[in-house]
Amino acid sequence: CHSVRQANRSAMLSLTSVCIEPNNCELWKAMRVRVCFTCLESVPPTSWRLAFIADYSGERVRVELTRRAAGQYDAGSHTFELETEEMDLGHIERQVLANVGLLQLSVASSDPAWGGGEGGEGGEGGEGALSSVSGERVLLEMRSVTQVTVGANGHLIRSFYDPID
């Protein structure tokens, strides 16, 4: 588990720690991500997305891992967990996978009051709203550099590093 630097925050959310398990294992294995965060104010209903981006410095092949809806959060401390299935990576060439990747966690809202929903592509929304994806306003994004190497047994091994903003 990693503590998250204060810089990884929006006007509404502040991540305090992220735990990604298992680590230092075969790349394709299922994972669990536990996020501890503080809401600086009431936050509208959200959705949490987790993706892996293979070969971040080159081809940037995105693999969506999971998405889960969550209710509204009141101001205060909270914990949220996401679990994935095993990663389906058969469509990605091995040399693309055996590189530096990125695990990306985003929290978004489709609430029109926060700039999401229909027409959510505009620059409106609350202070700290980062971007829009599929009509949702991204409220916070966490990225963890993921080194993928070939292990002694020939399998691709992932190693997650401290989350960055």
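Above this text you will find the structure in question.
Further remarks concern the pairing of strand S8 (residues 100–109). Of all 10 residues in S8, nine are buried; the element is thus mostly enclosed. Here seven bridges tie strand S5 (residues 46–54) to S8, and the two strands are oriented antiparallel to one another. When the sheet's bridge partners are listed, Ile53 is paired in S8 with Leu102. Two elements, S8 and strand S10 (residues 136–150), share 10 bridges in a ladder whose sense is antiparallel. Bridge pairing in S10 links Val100 to Gln147.

Before going further, it helps to spend a moment on the packing of aromatic side chains. Two numbers describe a pair of aromatic rings. These are the distance of the centres and the angle of the planes. Under the criterion given, the structure shown has three aromatic pairs. A centroid spacing of 5.3 Å and a plane angle of 55 degrees characterise the contact between Phe37 and Trp48, whose relative ring orientation is tilted. With a gap of 11 residues between them, Phe37 in strand S4 (residues 32–39) and Trp48 in strand S5 connect regions that are remote in the sequence. When the centroid spacing of 4.5 Å and the interplanar angle of 10 degrees are considered together, the rings of Trp48 and Phe80 count as stacked. Of this pair, Trp48 sits in strand S5 while Phe80 sits in strand S7 (residues 76–83); the two residues are 32 residues apart in sequence, bridging distant segments of the chain.

On to the nonpolar core, then. One broad rule of soluble globular proteins: the nonpolar side chains tend to lie buried together. Grouped together as the largest cluster of nonpolar side chains are 36 residues, with contacts concentrated most on Leu13, Met31, Phe37 and Trp48. If near-sequence neighbours (up to four positions away) are discounted, Phe37 is found in contact with Leu13, Ser14, Leu15, Thr16, Trp48, Tyr73, Gly76, Ser77, His78, Thr79 and Phe80.

A separate point is unusual backbone geometry. A cis amide bond links Glu21 with the next residue in sequence, Pro22, at an omega value of -5 degrees. Here Pro22 is to be found in the loop between strand S2 (13–21) and strand S3 (25–26). Within the chain, Asn24 stands out as a residue other than glycine whose phi angle is a positive 50 degrees. Relative to the helices and strands, Asn24 is located in the loop between S2 and S3.

Considering all chains together, one arrives at six salt bridges under this definition. Across the pair Glu136 and Arg49 runs a salt bridge, and its minimum N-O distance is 3.0 Å. Of the two residues, Glu136 sits in strand S10 while Arg49 sits in strand S5, which places them 87 residues apart along the sequence. Pair check on accessibility: Glu136 and Arg49 agree, each one buried. Close ionic contact of Arg62 with Glu64 constitutes a salt bridge, the shortest N to O distance being 2.5 Å. Here the salt bridges share partners, and the residues they tie into one network are Arg49, Arg67 and Glu136.

Along the chain, Ala108 turns up in strand S8. For the pair Ala108 and Thr46, spaced 62 residues apart in the sequence, the C-alpha separation amounts to 5.3 Å. Here Ala108 is in contact with Pro45, Thr46, Ser47, Glu136, Arg137, Val138 and Leu139, once residues within four sequence places are set aside.

Quick look at the environment of Leu27 now. By the element assignment, Leu27 lies in the loop between S3 and S4. Leu27 sits 121 residues away from Val148 along the chain, and the two C-alpha atoms are 7.2 Å apart. Excluding residues within four positions of it along the chain, Leu27 makes contact with Phe52, Met87, Leu89, Leu97, Val148, Leu156, Ile157 and Arg158.

Quick notes on the rules
- Residues numbered from 1 in each chain as written.
- Predicted model: local features only at pLDDT ≥ 70, side-chain atom pairs only at ≥ 80, totals over all residues.
- Heavy atoms only, no water.
- Buried < 20%, exposed > 50% of the residue type's maximum accessible area, 1.4 Å probe, protein only.
- Helix = DSSP H or I, 4+ residues; strand = E, 2+ residues; numbered from the N terminus.
- Pairing = 2+ DSSP bridges.
- Phe/Tyr/Trp six-rings, centres within 6.5 Å; stacked < 30°, edge-to-face > 60°.
- Core = buried A, V, L, I, M, F, W, Y, C linked by side-chain atoms within 4.5 Å.
- Contact = heavy atoms within 4.5 Å.
- Salt bridge = Lys/Arg side-chain N within 4 Å of Asp/Glu carboxyl O.

The values reported here are purely geometric and, on their own, carry no functional implication.
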